[in-house]
Amino acid sequence: MKPPTGFEELSSVAEKGAGSEFCAVGVVADFLPPTKSRGADYVITFTLTDRSWFQGEGLKCRFFGRTEDKLPNIISKGDVVVLRSTKLRQYNGELMALSSFQSSWLVFHQQDILLNETEVKGVLPFSKMSDQTPSPGKDIIDYAVEICNFLDRSTFGEPAPVTSLQASNIMGSNGPASSPAAKKFQLIQDLTLPRTTRDLKFADLLGEVRKVYMNDFRVELSITDYTSHESLYDYAHTLDDEQGRDGDGFNYIPGQKAWSGPWGKMSMVVTAWDSHANFARKNVGIGNIVFLRNVQISLDREGDRMEGNLRGDRYHPDRIGISICKPRQAQGDDRVKALLKRKRDYEADLKLHGIKGLEESNKLKDEAVQQPAKQPGLTAREKKKQRQKERKKAKQKEAQKARANTTSKSASESLNPNIRTNKVPETVAPVKISEITDPSVLQGDFTTPAGNPFSVPFKNNLYHLNRIRVIDFHPPNIADFAAPHKTSDYECLSDYESDSDISMDLTDPHGAEVEWEWRFELLVEDASSTSPQESARMKLLVAGPDADFLLRSIRATNLREDGKSLARLKEKLFLLWGDLQERREEEEEEQEAKEEGGVGRRLEPSGRPFECLVKEYGVQARHDGAWERVFAMFGTSIVSD
């Protein structure tokens with residue numbers, strides 16, 4: 001029987017990783033009675049299992065409540081617990097389900113479930129968190145009965161309560177504490193080989209894929225977690241192409257590219273079979289970080305090197321034991337974070353000894369077989385310029401129509417209905433630009449402990465500007481509103497400092513992976529001022545997720561090559577600032593010989609005033625370490641009916 005709609009098996013839940021939310025039904029394999037937490041709450045810890053869970057006792061769960069009656073009413077092993085809106089967290093290196101404010105529970109007691117009963121005809125008694133918790137339907141009741149009777153019910157029973165003081169006395173009277181049970185997740189350096197052929201060893205591994213070999217039956221993944229083991233192959237660093245290359249010296253047999261590291265005994269071959277191989281064949285590539293679940297550890301046929309095998313489950317043939325982890329998961333997964341730190345330390349050690357890093361090594365060895373990129377012909381450029389001119393003329397016609405439609409004073413003074421903001425917090429009152437940019441706000445009543453007054457370089461504040469208008473923008477070319485960003489596996493590390501993107505070569509096929517993000521600036525002014533010459537101005541940064549929210553459905557990309565996205569962007573911005581772009585282009589053509597267009601020149605666009613949310617923060621300059629005051633738009637979006 002499959003889980004009810006909206007619920008998952010526990011093995012699938014565990015594969016989702018830290019930070020994921022889930023709903024599941026499980027049988028209590030073990031639990032501790034409710035106790036007082038370190039704070040004012042009560043806490044209960046229990047372990048859930050089901051038919052899909054074969055390795056270990058089950059998924060550990062921990063629920064908190066203001067009072068004891070808010071905790072799951074578990075009275076014995078075998079009770080069935082229904083969890084909703086529960087989150088996975090990493091706690092002391094272990095994956096655990098923790099309750100949140102949205103979580104709810106429901107418990108069926110095993111003593112109310114008849115033995116070998118597969119379908120409940122009547123109503124099965126239950127206890128639930130509160131009146132707001134949904135009552136179980138027939139599908140949930142039948143599934144709870146089915147998984148309860150799937151397990152050996154002779155092992156069910158209430159555990160004897162043991163206090164921490166009793167446990168401490170018992171451990172003290174019997175000598176030092178016994179060693180804890182081996183954890184399923186292990187580093188390569190900690191793996192142990194089976195002593196006999198009957199001694200089966202299994203482990204969960206996390207590593208980066210450095211080589212892939214596949215055929216119709218299996219996929220071999222060479223992975224590393226940047227720890228070493230004596231039973232692995234020793235890759236010695238060489239300057240030629242012979243080390244680690246498949247095939248033959250005459251190229252009669254095509255081979256893969258040369259081994260590019262890591263060097264030494266750091267890489268382990270794990271062979272995926274069945275459904276695991278099908279998944280790896282379609283989804284796994286060199287450079288991916290993969291989590292491999294339930295890998296059998298053994299020696300190869302020669303008995304010299306350690307290897308791993310990821311075999312299919314005959315009871316669950318569709319189950320997949322491979323999941324791909326993104327570097328950004330390091331923010332919530334200590335295992336991924338530790339792997340990235342070890343990789344960074346390894347590459348730093350390579351540079352210290354004058355050895356090319358992993359990515360640079362790949363680049364040098366591939367240059368010989370790469371074909372030069374084809375350069376676009378002159379005819380294509382002329383066609384592109386012609387299309388740009390046609391689009392420019394069409395835009396100018398649209399701007400003239402819009403200018404004619406916005407000549408009335410009442411229309412120009414009303415707020416732009418196409419610009420909307422998130423709900424403004426009650427603590428954020430509407431202000432004018434002049435009230436924010438006034439230097440006196442940074443002085444205030446700040447004094448040192450000695451009583452000496454001082455000023456601050458910036459404030460971490462939120463503002464609500466209810467009548468502003470865009471009068472200029474930067475960069476001058478809208479095609480540059482999206483900027484390339486070199487991605488790095490180490491971005492999620494707190495001590496990471498990125499290199500400059502200025503020297504980035506976008507045509508280099510071996511360069512770092514590039515992502516595009518919005519990054520531009522708007523010059524705005526108070527639209528409520530009676531004298532435009534005296535109206536206060538402010539530069540607003542629009543970047544990252546805040547820019548994505550502003551532009552909504554338009555994704556950042558290389559706008560110099562993506563003409564369709566550029567056209568959509570211009571149409572979107574037309575709703576924000578009216579014919580500002582067209583007027584700016586007209587003025588630049590007239591004054592091209594006199595001055596270079598940039599942020600600061602006053603234009604007279606027809607855009608209607610709008611409201612937006614602004615956040616203030618400080619950015620430390622790299623050259624002198626001084627703090628710069630920055631204003632950025634957030635919570636504001638361009639909508640079109």
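Residues numbered from 1 in each chain as written. Predicted model: local features only at pLDDT ≥ 70, side-chain atom pairs only at ≥ 80, totals over all residues. Heavy atoms only, no water.

Under an unreviewed UniProt entry, the protein has the name Protection of telomeres protein 1 and belongs to Endocarpon pusillum. Looking at the Sequence similarities (unreviewed entry) heading of the UniProt record, one finds this comment for the protein: "Belongs to the telombin family." (UniProt positions renumbered as here; feature names shortened; annotations may be inferred.)

**Student:** Which parts of the structure should I look at to understand a positive patch on the surface?
**Tutor:** Judged by side-chain charge, Lys-383, Lys-384, Arg-387 and Arg-391 come together as a positively charged surface patch. On the basis of relative accessibility, which here comes to 52%, the residue Lys-383 falls in the exposed class. (Patch = residues over 30% accessible without salt bridge, like charges linked within 9 Å, V, L, I, M, F, W, Y side chains within 5 Å. Areas by Shrake-Rupley, 256 points an atom, 1.4 Å probe, with all protein chains shown as cover. Salt bridge = Lys/Arg side-chain N within 4 Å of Asp/Glu carboxyl O. Lys, Arg positive; Asp, Glu negative; His and termini not counted. Charge placed at Lys NZ, Arg CZ, Asp CG, Glu CD. Buried < 20%, exposed > 50% of the residue type's maximum accessible area, 1.4 Å probe, protein only.)

**Student:** Explain the pairing of strand β9 (residues 218-224) to me, please; I cannot follow it from the model alone.
**Tutor:** Moving residue by residue along a regular strand, the side chains alternate between the two faces of the sheet. Where burial is concerned, most of β9 is hidden: five out of the seven residues are buried. Relative to β9, strand β8 (residues 201-214) runs antiparallel, the two being bridged by six bridges. Within β9, the residue paired with Met-214 across the bridge is Val-219. Turn length for the β8-β9 hairpin, with the two strands adjacent in sequence and antiparallel, is three residues. Both β9 and strand β10 (residues 268-273) contribute to a ladder of six bridges, which runs antiparallel. Each bridged residue has a counterpart across the sheet, and for Leu-221 the counterpart in β10 is Val-270. (Helix = DSSP H or I, 4+ residues; strand = E, 2+ residues; numbered from the N terminus. Pairing = 2+ DSSP bridges.)

**Student:** Would you mind going over the environment of Gly-56 with me for this structure?
**Tutor:** Residue position: Gly-56 is located in the loop between β2 (42-49) and β3 (59-65). Of the residues examined, Gly-56 reaches a relative accessible area of 65% and is grouped as exposed. For the pair Gly-56 and Lys-184, spaced 128 residues apart in sequence, the C-alpha separation works out to 7.9 Å.

**Student:** Explain the environment of Ala-280 to me, please; I cannot follow it from the model alone.
**Tutor:** Relative to the helices and strands, Ala-280 resides in helix α4 (residues 274-283). Taking relative accessible area as the criterion, Ala-280 reaches 0% and is therefore assigned buried. Placed 61 residues apart in sequence, Ala-280 and Val-219 show a C-alpha to C-alpha distance of 6.9 Å.

**Student:** Got a minute to help me understand the packing of aromatic side chains in this structure?
**Tutor:** Working definition: an aromatic ring pair is given by the centre-to-centre distance plus the angle between the planes. Tallied over the full model, the rule gives 10 aromatic pairs. Considering the side-chain rings of Phe-185 and Phe-291, the 6.4 Å spacing of their centres and the 25 degrees angle between planes classify their relative orientation as stacked. Of this pair, Phe-185 sits in the loop between α3 (164-173) and β8 while Phe-291 sits in strand β11 (residues 289-299); the two residues are 106 residues apart in sequence, bridging distant segments of the chain. Phe-185 sits in the partly exposed class, given a relative accessible area of 23%. A residue is classified by how much of its surface remains accessible, and Phe-291, at 13% relative accessible area, is buried. Ring plane angle 45 degrees and centroid distance 5.4 Å describe the contact between Phe-458 and Trp-627, whose orientation is recorded as tilted. Residue Phe-458 is located in the loop between α9 (433-437) and β16 (461-474), and its partner Trp-627 is located in strand β21 (residues 627-634); the two are separated by 169 residues in the primary sequence. Just above the ring of Phe-473 sits the side chain of Arg-584; from NZ or CZ to the centre is 4.6 Å. (Phe/Tyr/Trp six-rings, centres within 6.5 Å; stacked < 30°, edge-to-face > 60°. Lys NZ or Arg CZ within 6 Å of the ring centre and 35° of its normal.)

**Student:** Would you mind going over helix α11 (residues 563-577) with me for this structure?
**Tutor:** Helical geometry note: an α-helix holds 3.6 residues per turn, so side chains three or four residues apart project in the same direction. Here α11 contains 15 residues, and its C-alpha end-to-end distance of 21 Å stays within 8% of the 21 Å for a straight helix at 1.5 Å per residue. Every buried residue of α11 is accounted for by Ser-565, Leu-566, Leu-569, Lys-572, Leu-573, Leu-576 and Trp-577. Buried residues along α11 cover an arc of 125 degrees about the axis, so they all sit on one side. (Expected span 1.5 Å × (residues − 1). Arc of directions from axis to C-beta.)

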